[in-house]
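Report on the structure
What follows is the residue order along each chain.
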Amino acid sequence: MRILLSGAMMLALGACATVDLNQARSQIENLSLLSETRQAYDEAYRDLPFDRGTVYVVAEEHGDLHTYTLTPCGVGRVCGPTGRAGSVQRTDEFFVVTGAYSGRTFYLSPGGDGVLNWRGVNRDLAWN
């Protein structure tokens, strides 16, 4: 009797947990459309990093403001002032620069702001 009752309860729970695949698919497509729309808006109306060449970044470290220079030095490459080459990749929200400065990752968002990750801590930044 217990086995029959537990089987009936499992069937009842399964009936309650139905998923509309068409609705889930349309929600995923809407997220993609929003991302594409945001990128198109950014490209049309906001400043993008590296559009005009070198990007100058200001961020706070140890209570002081520090400046960084990021210069394009090839396709998908960015160099710091010492000639150290890093890479740049575009995500939905940021241009991510790694390797140009030791231990620092720059997340440059369109419009002039972003985040500097240094030693696992995110710090606000401004770029021009």
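Up top is the structure.
So, here's what we can say about the structure. These figures come from a predicted structure and were not determined experimentally.

**Notes on the environment of tyrosine 56**
Along the chain, the position of tyrosine 56 falls in strand E1 (residues 55-61). When the C-alpha positions of tyrosine 56 and asparagine 128 are compared, they lie 5.3 Å apart, and in sequence the two are 72 residues distant. Not counting residues up to four positions away in its chain, the partners in contact with tyrosine 56 are Tyr68, Thr69, Ala126, Trp127 and Asn128.

**Quick look at the side chain of arginine 104**
Topologically, arginine 104 is positioned in strand E6 (residues 104-109). One polar contact links the side chain of arginine 104 to the main-chain carbonyl oxygen of serine 102, over a distance of 3.0 Å. Arginine 104 has contacts with Glu61, Tyr68, Val97, Thr98, Gly99, Leu116, Asn117 and Trp118, leaving out every residue within four places of it along the chain.

**Focus: the nonpolar core**
Residues Val57, Leu70, Val97, Phe106, Leu108 and Leu125 are the most contacted members of the largest nonpolar core, which totals 18 residues. When residues of this core are traced back to their parent elements, those giving at least two are E1, strand E2 (64-72), strand E5 (95-98), E6, strand E7 (113-118) and strand E8 (121-127). Apart from residues lying up to four places away in sequence, leucine 70 is in contact with Phe50, Thr54, Val55, Val57, Val78, Cys79, Val97, Ala100, Tyr101, Phe106 and Leu108.

**Brief notes about the state of the cysteines**
Applying the stated criterion across every chain yields a total of 1 disulfide. Here cysteine 73 is linked by a disulfide to cysteine 79, with a sulfur-sulfur distance of 2.1 Å. Taking the sign of the torsion about the S-S bond as the criterion, the disulfide between cysteine 73 and cysteine 79, at about 85°, is right-handed. Cysteine 73 sits in the partly exposed class, given a relative accessible area of 35%. By relative accessible area, which is 13% here, cysteine 79 ends up buried.

**A closer look at unusual backbone geometry**
With phi around 45°, histidine 62 is a residue other than glycine that occupies positive phi space. Relative to the helices and strands, histidine 62 is located in the loop between E1 and E2. Positive phi, close to 55°, is recorded for arginine 119, a residue that is not glycine. Residue placement: arginine 119 occurs in the loop between E7 and E8.

**Details of the sheet that holds E1**
Taking strand neighbours around the barrel as the criterion, the 8 strands line up as E1-E2-E3-E4-E5-E6-E7-E8 in a closed arrangement whose pairing is antiparallel. Mean inter-strand twist for the sheet, computed between neighbouring axes without regard to direction, equals 30°. In terms of strand pairing, strand E3 (residues 77-79) meets strand E4 (residues 85-90) through 3 bridges, oriented antiparallel. Along E4, the bridge assignment pairs arginine 77 with serine 87.

**Some details on the packing of aromatic side chains**
Ring pairs (aromatic) are described by centroid distance and by the angle formed between their planes. The tally for this structure, following the rule as stated, stands at 4 aromatic pairs. With a centroid separation of 4.9 Å and 85° between ring planes, the pair formed by tyrosine 68 and tyrosine 101 is classed as edge-to-face. Placement of the pair is tyrosine 68 in strand E2 and tyrosine 101 in the loop between E5 and E6, with a sequence separation of 33 residues. Both residues of the pair, tyrosine 68 and tyrosine 101, belong to the buried class. Between tyrosine 101 and phenylalanine 106 the ring centres are 5.9 Å apart and the planes differ by 65°, which places this aromatic pair in the edge-to-face class. Overall, the relative accessible area of 16% leaves tyrosine 101 in the buried class. Relative accessible area serves as the criterion here: at 0%, phenylalanine 106 is assigned to the buried category. Each member of the aromatic cluster is reached from another via a ring pair, and the members are Tyr68, Tyr101 and Phe106.

Parameters at a glance
- Residues numbered from 1 in each chain as written.
- Predicted model: local features only at pLDDT ≥ 70, side-chain atom pairs only at ≥ 80, totals over all residues.
- Heavy atoms only, no water.
- Helix = DSSP H or I, 4+ residues; strand = E, 2+ residues; numbered from the N terminus.
- Contact = heavy atoms within 4.5 Å.
- Polar contact = N/O pair within 3.5 Å; in protein donor to acceptor, adjacent residues only side chain to side chain.
- Core = buried A, V, L, I, M, F, W, Y, C linked by side-chain atoms within 4.5 Å.
- Buried < 20%, exposed > 50% of the residue type's maximum accessible area, 1.4 Å probe, protein only.
- Disulfide = S-S within 2.5 Å.
- Pairing = 2+ DSSP bridges.
- Axes fitted to C-alpha atoms, helices over the stretch in contact; angles between N-to-C directions.
- Phe/Tyr/Trp six-rings, centres within 6.5 Å; stacked < 30°, edge-to-face > 60°.

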